[in-house]
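In case you want the letters, here they are:
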Amino acid sequence: MAIRIYPIRDIPSSKQAIQSQKWQSPYFLDASNPNDLNTEKINDFYSCNPYSFPSIECSLNQVMK
């Protein structure tokens, strides 16, 4: 089993890659400028359970706010 990751900076060319990037994009954080990080989004990622990476359901609930 394998998974391909398509960060926001990538420009995928195939239909499948574009679809993968679309559902993956809420899980990426733009860190190109460390002085301007979206700390609210970082906190939302970890707010459901501070001791482990949040579940997909938890993350989706946070993204859909």
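Residues numbered from 1 in each chain as written. Predicted model: local features only at pLDDT ≥ 70, side-chain atom pairs only at ≥ 80, totals over all residues. Heavy atoms only, no water.

1. Things to note about the overall build of the protein
When helices and strands are tallied, the protein shows 3 helices and 0 strands. By the burial criterion, 18% of the 65 residues in the protein qualify as buried. In the protein, the share of contacts with a sequence separation of at least 24, taken over all contacts with a separation of at least 6, comes to 10%. As presented, the protein carries roughly 5600 Å² of accessible surface, and 55% of it is formed by carbon and sulfur atoms. (Helix = DSSP H or I, 4+ residues; strand = E, 2+ residues; numbered from the N terminus. Buried < 20%, exposed > 50% of the residue type's maximum accessible area, 1.4 Å probe, protein only. Contact = heavy atoms within 4.5 Å. Areas by Shrake-Rupley, 256 points an atom, 1.4 Å probe, with all protein chains shown as cover.)

2. With respect to the confidence of the model for the protein
Scored by pLDDT, the protein comes out at a mean of 77, with 72% of its residues at no less than 70. No element of the protein has a lower mean pLDDT than helix α3 (residues 56-63), which averages 55, and none a higher one than helix α1 (residues 15-24), which averages 93. (pLDDT = per-residue confidence, 0-100.)

3. Brief notes about α1
Structurally, the α-helix is built with 3.6 residues per turn, so residues lying three or four positions apart point the same way. Where α1 is concerned, the buried positions are A17, S20, Q21 and Q24. Projection of α1 onto a plane perpendicular to its axis shows the buried side chains occupying an angular sector of 100°, all on one side. Among the exposed residues of α1, those oriented more than 90 degrees off its buried face are K15 and K22. (Arc of directions from axis to C-beta.)

4. Brief notes about a nonpolar patch on the surface
Among the surface-exposed residues, I3, I5 and W23 lie close enough to one another that they form a single nonpolar patch of about 350 Å² accessible area. For I3, the location among the structural elements is in the segment before α1. Using a relative accessible area of 58% as the deciding quantity, one classes I3 as exposed. (Patch = residues over 30% accessible without salt bridge, like charges linked within 9 Å, V, L, I, M, F, W, Y side chains within 5 Å. Salt bridge = Lys/Arg side-chain N within 4 Å of Asp/Glu carboxyl O.)

5. Comments concerning the side chain of Q24
By secondary structure assignment, the location of Q24 is in helix α1. A distance of 2.8 Å separates a polar side-chain atom of Q24 from the backbone nitrogen of Y6. When near neighbours in sequence (up to four residues on either side) are disregarded, Q24 contacts R4, I5 and Y6. (Polar contact = N/O pair within 3.5 Å; in protein donor to acceptor, adjacent residues only side chain to side chain.)

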